[in-house]
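Residues per chain are reported as follows:
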Amino acid sequence: MKLFFCAICILLGTCANAKSNTEKLGDFLTFAVPATAYGSTYYFDDEEGRMEFYKVYGVTMLSTVALKYTVRAKRPDNDDRDSFPSGHTASAMAGATFVHKRYGLAQALPLYAGAIYTGYSRIHVNRHHPRDVLAGTLLGIASAWYFSTSYEKVHIVPMVDSTYQGVHVNFSF
């Protein structure tokens, strides 16, 4: 949880330096999307999902930082050498994909729109190359797909042995 809030504080700091409305909205979405994903675990009263979100977001951001300081790719605006991969895009895409995997595509569609806009904004304002955004996208998707499971309220398990054949139904609400 501390990692999540530290990442949000760092990303909020980048919003203060944004110059255009496109950049401001992209910066906002980079923390709004994962914050919404995190909040969804409270909405669904999903403690297990919350633990999975910590893993998803932590692995995404740690991998992003490790790659940034290993690859040292120059940004398109020549500002520094932290271009690859896009942390903004990785953050937003991890949140959107977590919601998709955990709660379904219908709940994730608005978050995917925000994540895609975040990636677009990073290229549009000349902070990232398309490859950086693609790498951030893949990092977010991969970690969410690997570390999260589907949240199901109804579990149906077939039960078969030598003396019994049936179905066990468990419904949680």
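Before reading further, recall that the structure is shown in the block above.
Residues numbered from 1 in each chain as written. Predicted model: local features only at pLDDT ≥ 70, side-chain atom pairs only at ≥ 80, totals over all residues. Heavy atoms only, no water.

Peer 1: Got a minute to help me understand the packing of aromatic side chains in this structure?
Peer 2: To describe a pair of aromatic rings, you give the distance between the ring centres and the angle between the ring planes. Per the counting criterion, the structure on display carries 13 aromatic pairs. Consider the rings of Phe44 and Tyr151, whose centres lie 5.7 Å apart with planes at 55°: the pair is tilted. Here Phe44, found in the loop between helix 2 (21-43) and helix 3 (47-71), pairs with Tyr151, found in the loop between helix 6 (130-147) and strand 1 (154-160); they are 107 residues apart in sequence, far enough to count as distant. Between Arg50 and the ring centre of Tyr42, over which it is positioned, the NZ or CZ distance is 3.7 Å. Sitting over the ring of Trp145, Lys101 keeps its end group 4.9 Å from the ring centre. (Phe/Tyr/Trp six-rings, centres within 6.5 Å; stacked < 30°, edge-to-face > 60°. Helix = DSSP H or I, 4+ residues; strand = E, 2+ residues; numbered from the N terminus. Lys NZ or Arg CZ within 6 Å of the ring centre and 35° of its normal.)

Peer 1: Could you clarify how one ought to interpret the environment of Arg131 in this entry?
Peer 2: With respect to the secondary-structure elements, Arg131 resides in helix 6. Accessibility expressed as a relative area gives 45% for Arg131, which makes it partly exposed. Spatially, the C-alpha atom of Arg131 lies 9.5 Å from that of Ser83, the residues being 48 residues apart in sequence. Aside from chain neighbours lying at most four places away, what touches Arg131 is Ala73 and Phe84. (Buried < 20%, exposed > 50% of the residue type's maximum accessible area, 1.4 Å probe, protein only. Contact = heavy atoms within 4.5 Å.)

Peer 1: What's the story with the nonpolar core in this structure? I'm lost.
Peer 2: Here is a general trend for soluble globular proteins: nonpolar side chains tend to be buried in one another's company. If you look at the biggest cluster of nonpolar residues, it comprises 20 residues, and the most contacted ones within it are Val33, Phe53, Ala96, Phe98 and Val99. Non-local contacts of Val99, meaning those with residues more than four positions away in its chain, are made with Ala37, Ser40, Gly104, Gln107, Ala108 and Leu111. (Core = buried A, V, L, I, M, F, W, Y, C linked by side-chain atoms within 4.5 Å.)

Peer 1: Help me understand the pattern of salt bridges in this model?
Peer 2: Once the charged atoms of two side chains with opposite charge are near each other, the side chains can pair. The tally for this structure, following the rule as stated, stands at nine salt bridges. A salt bridge links Asp46 to Arg102, with the nearest nitrogen and oxygen atoms 2.8 Å apart. Here Asp46 is found in the loop between helix 2 and helix 3, whereas its partner Arg102 is found in helix 4 (residues 87-103), with 56 residues between them in sequence. Considered together, Asp46 and Arg102 belong to a single accessibility category, that of buried residues. We note a salt bridge from Arg131 to Asp132, for which the minimum N-O separation is 3.5 Å. Each member of the salt-bridge network shares a partner with another, and the members are Asp46, Glu52 and Arg102. (Salt bridge = Lys/Arg side-chain N within 4 Å of Asp/Glu carboxyl O.)

Peer 1: What exactly am I supposed to notice about unusual backbone geometry here?
Peer 2: Backbone phi values are negative for most residues with the exception of glycine, while trans is the configuration of most peptide bonds. Geometrically, the link from Phe84 to Pro85 is a cis peptide bond, its omega value of -10° lying close to zero. By the element assignment, Pro85 lies in the loop between helix 3 and helix 4. Even without being glycine, Arg72 reaches a positive phi, approximately 55°. Among the secondary structure elements, Arg72 is positioned in the loop between helix 3 and helix 4. At Asn126, a position not held by glycine, the phi torsion is positive, near 65°.

Peer 1: Would you take a moment to explain helix 5 (residues 105-124) for this structure?
Peer 2: Two residues of an α-helix separated by three or four positions point the same way, owing to the 3.6 residues in each turn. Look at helix 5: 27 Å from first C-alpha to last across 20 residues, which is about the 28 Å you get at 1.5 Å a residue. Residue Leu111 marks the point of greatest curvature in helix 5, where the axis turns by about 30°. Taken as a whole, helix 5 has its buried residues at Ala108, Leu111, Tyr112, Gly114, Ala115, Thr118, Gly119, Ser121 and Arg122. Where helix 5 is buried, its residues touch helix 2, helix 4 and helix 6. Directly beyond the C-terminal end of helix 5, a positive phi value near 65° is found at Asn126. (Expected span 1.5 Å × (residues − 1). Bend = angle between axes of the 7 residues up to and from the residue.)

Peer 1: Would you mind going over helix 2 with me for this structure?
Peer 2: Taking 1.5 Å per residue, 23 residues should reach 33 Å; helix 2 reaches 30 Å between its end C-alpha atoms and fits that length. The largest bend along helix 2 reaches roughly 30° and is located at Leu29.

Peer 1: Would you explain the packing of helix 2 against helix 5 in this entry?
Peer 2: Working note: a packed helix pair is described by the angle between its axes plus the distance between those axes. Look at helix 2 against helix 5: their axes get within 8 Å of each other, and the N-to-C directions meet at 145°. Here the hand of the crossing between helix 2 and helix 5 comes out left-handed. Taken together, the residues of helix 5 that come into contact with helix 2 (itself represented by Thr22, Glu23, Leu25, Gly26, Asp27, Leu29, Thr30, Val33 and Thr36) are Leu111, Gly114, Ala115, Tyr117, Thr118, Tyr120, Ser121, Arg122 and His124. Residues of the contact of helix 2 with helix 5, tallied by class, amount to seven nonpolar, eight polar and three charged. (Axes fitted to C-alpha atoms, helices over the stretch in contact; angles between N-to-C directions. Left-handed = near helix turned anticlockwise from the far one by under 90°. Nonpolar A, V, L, I, M, F, W, Y, C, P; charged D, E, K, R; others polar.)

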